[in-house]
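# Coordinate analysis (summary)
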Amino acid sequence: MRTSEIRQKFLDFFASKGHQVVASSSLVPVGDQTLLFTNAGMNQFKDVFLGFDKRPYSRATTSQKCVRAGGKHNDLENVGYTARHHTFFEMLGNFSFGDYFKQDAIRYAWEFLTAPQWLGLPKEKLMVTVYASDDEAYDIWHKEIGIPADKIVRIGDNKGAPYASDNFWQMGDTGPCGPCTEIFYDHGDHIWGGPPGSAEEDGDRFIEIWNNVFMQFNRDETGTLHPLPKPSVDTGMGLERISAVMQHVHANYEIDLFVDLLKAAARETGVPYNQETPSLKVIADHIRACSFLIADGVLPSPDTRGYVLRRIIRRAIRHGYKLGQKGLFFHKLVPDLVLAMGDAYPELKSGQDRIVAVLKAEEELFARTLDNGMALLEGALEGGKQQLDGKTAFKLNDTFGFPIDLTADICRERGIEIDMAGYEAELEAQRERSRNSSQFTMNTQVAYEGADTQFQGYSESSVEARVLALYHEG
Ligand code: ATP
Ligand code: MG
Ligand code: MG
Ligand code: MG
């Protein structure tokens, strides 16, 4: 079953259960300053769940464009290293706004996954997790659906804090929250990894495919949970992950859609096609994130959102460089992406020329400093050094446009650490310098315009500092 068919089947299934099919929202969240990029299907319904926005339907289903690079969920570092993480991915979801709850949600999920006329997956390859104290969900899985006890894992609170669990979802410190139940697929004992909750759960044998969140409580300022009068459901299933299962492959990168992109990446970088080459995976992943972000109006810039885009583009370019492609290549993958995904996302087609132009301009810009930056880095690492000094990491950032995560990516490949304390000290010194000059700028501007003007730093490093701060805030 092709990826596009699975997407359609999911929407058809939930439409047949009375759900309104709603279009994906933009990757740039509308009117939500707390979010860098749309990172889940529920984002566009946040106000509906909170009761601030009323819709003519109480059930909805979507295939939502998501980006998890930067902000609360950041999977950038996983790309190329795990079988299951992308920066951009599609999240299939069904939503109940005070309509059905646990029982129907679980029944629907099970029917879609296992009924022969839908996905028809073998039941014995699936296992589920529930929140430790959620007996209700446990009983539905066990007694109604018939999942054996050894395939249901109760996941409790980790990190010692109440409700800090993979199986307890919360929108923020206060507000709607509740337990989740997650469905995993066992890709077989030839792959390293253990079931959820075990010591080897970080492996890629048991892959999480679907999360069902039950918004059951409202948490007040004191941390007390109050039952919501009309509990809701929010679910998310990664399309690429379920596609891998349906196509009998292990990694997302082996599905139809990605094979086409990997081949295009191999062609444009001039290396043989190989599904195992991490740099090809990174490039294939990043062309999606970058193109979709540009299609939704993000432009590379020293600004927060634009800077995340710039960092993804530069990482992709550096991986091409690593494969020996010193010329411009990244923008040449856009037509392949449009072929693969343009039917489902017309904005790719209509935006194609602009996407190509933006990527090409960004490639030209970085091409001016990439070679010299790499030479500086190689020089600093000469003699088998085990650590990159902070000054060099800073200079790479400030002068050569190497965002710190790009430098870290290179160092990680070689098993070298960055002296982050040294790097942050350089950043701090830079911040100090710009504070001093901003003091001056502010004073003169205020005197001149009589207005309360705030100085905005423009150098890459002060931008980097802002992005780092955002990361730390999570
Ligand atoms: P994981 O534990 O594998 O990182 P998650 O628990 O962070 O996943 P959720 O926030 O529960 O993921 O999102 C719902 C679903 O979206 C997941 O079950 C998975 O199928 C999919 N998903 C999440 N992150 C990614 C990603 N980076 N790339 C592809 N699919 C993803
Ligand atoms: Mg995750
Ligand atoms: Mg998870
Ligand atoms: Mg999850």
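Everything below is about the structure printed above this text.
In this report, we go over the structure that sits alongside the text. (Residues numbered from 1 in each chain as written. Chains lettered and ligands numbered in written order. Predicted model: local features only at pLDDT ≥ 70, side-chain atom pairs only at ≥ 80, totals over all residues. Heavy atoms only, no water.)

Okay, the site of ligand 1 next. In the vicinity of ligand 1 there are 16 residues, among which D75, R84, H85, E208 and N211 approach most closely. Between an oxygen atom of ligand 1 and a main-chain N or O atom of G238, the distance comes to 2.9 Å. In isolation ligand 1 offers 580 Å² of accessible surface; the protein chains occlude 86% of this area. Among the secondary structure elements, those contributing two or more residues to the shell around ligand 1 are β3 (88–96), β8 (206–219) and β9 (225–238). Here the element with the most residues in the shell around ligand 1 is β8; it accounts for four residues. Its residues assigned to classes, the shell around ligand 1 comprises five nonpolar, five polar and six charged. (Near = heavy atom within 4 Å. Polar contact = N/O pair within 3.5 Å; in protein donor to acceptor, adjacent residues only side chain to side chain. Areas by Shrake-Rupley, 256 points an atom, 1.4 Å probe, with all protein chains shown as cover. Helix = DSSP H or I, 4+ residues; strand = E, 2+ residues; numbered from the N terminus. Nonpolar A, V, L, I, M, F, W, Y, C, P; charged D, E, K, R; others polar.)

What follows concerns the pattern of salt bridges. In this structure the tally under the stated criterion is 32 salt bridges. In this structure, R314 and E362 form a salt bridge, with 3.4 Å as the shortest nitrogen-oxygen distance. Taken together, the positions of R314 in helix α8 (residues 304–322) and E362 in helix α10 (residues 346–380) put the pair 48 residues apart, joining distant regions of the chain. E362 carries the same exposure label as R314, and that label is buried. With a closest N to O distance of 2.9 Å, E378 and R414 form a salt bridge. Here E378, found in helix α10, pairs with R414, found in the loop between α12 (404–413) and β11 (417–418); they are 36 residues apart in sequence, far enough to count as distant. By relative accessible area, which is 35% here, E378 ends up partly exposed. Several salt bridges converge on common partners, so that one network encompasses E77, R311, R315, R318, K322, D405, D409 and E413. (Salt bridge = Lys/Arg side-chain N within 4 Å of Asp/Glu carboxyl O. Buried < 20%, exposed > 50% of the residue type's maximum accessible area, 1.4 Å probe, protein only.)

So, about the environment of G306. Among the structural elements, G306 can be located in helix α8. Residues G306 and I294, twelve residues apart in the sequence, show an inter-C-alpha distance of 9.4 Å. Setting aside chain neighbours within four positions, we find G306 in contact with V298, L299, P300 and S301. (Contact = heavy atoms within 4.5 Å.)

Scanning the model with the defined rule gives 25 aromatic pairs in all. With a centroid separation of 6.3 Å and 45° between ring planes, the pair formed by F112 and W118 is classed as tilted. On the accessibility criterion, F112 (0% relative accessible area) is buried. W118 sits in the buried class, given a relative accessible area of 17%. When the centroid spacing of 6.1 Å and the interplanar angle of 65° are considered together, the rings of F329 and F330 count as edge-to-face. Taking the relative accessible area as the measure of exposure, F330 reaches 0% and is therefore buried. Grouping aromatic residues by their ring pairs yields a cluster made of F10, F13, F14, Y100, Y108, F112, W118 and W210. A cation over an aromatic ring shows up here: R154 above the ring of Y138, its NZ or CZ 4.4 Å from the ring centre. (Phe/Tyr/Trp six-rings, centres within 6.5 Å; stacked < 30°, edge-to-face > 60°. Lys NZ or Arg CZ within 6 Å of the ring centre and 35° of its normal.)

Our next topic: the nonpolar core. Counting 73 residues, the largest nonpolar core has F330, L359, L388 and F402 as its most contacted members. Listing elements by their share of this core, those giving two or more residues are α6 (256–269), α7 (278–295), α8, α9 (334–341), α10, α11 (390–400), α12 and α13 (420–449). Looking at this core, the element that brings in the most residues is α7, giving eleven residues. Sequence-distant contacts of L359, that is, excluding residues within four places in its chain, are made with I287, C290, S291, I294, I313, F330, H331 and V334. In this structure, Y100, I140, I183 and M246 belong to the second largest nonpolar core, which totals 39 residues. (Core = buried A, V, L, I, M, F, W, Y, C linked by side-chain atoms within 4.5 Å.)

Two elements in contact, α7 and α10, have axes separated by 9 Å at closest approach and are oriented at 105°. With respect to α10, the axis of α7 lies roughly perpendicular. Side by side, α7 and α10 meet where I287, C290, S291, F292, I294 and A295 of the first sit next to E347, L348, R354, I355, V358 and L359 of the second. Split by residue class, the contact of α7 with α10 holds nine nonpolar, one polar and two charged. (Axes fitted to C-alpha atoms, helices over the stretch in contact; angles between N-to-C directions. Parallel < 35°, antiparallel > 145°, perpendicular 65-115°, else oblique.)

Turning next to unusual backbone geometry. Despite not being glycine, H248 shows a phi value in the positive range, around 55°. Its location among the elements puts H248 in the loop between α5 (239–246) and α6. The exposure class assigned to H248 is exposed, which follows from its relative accessible area of 74%.

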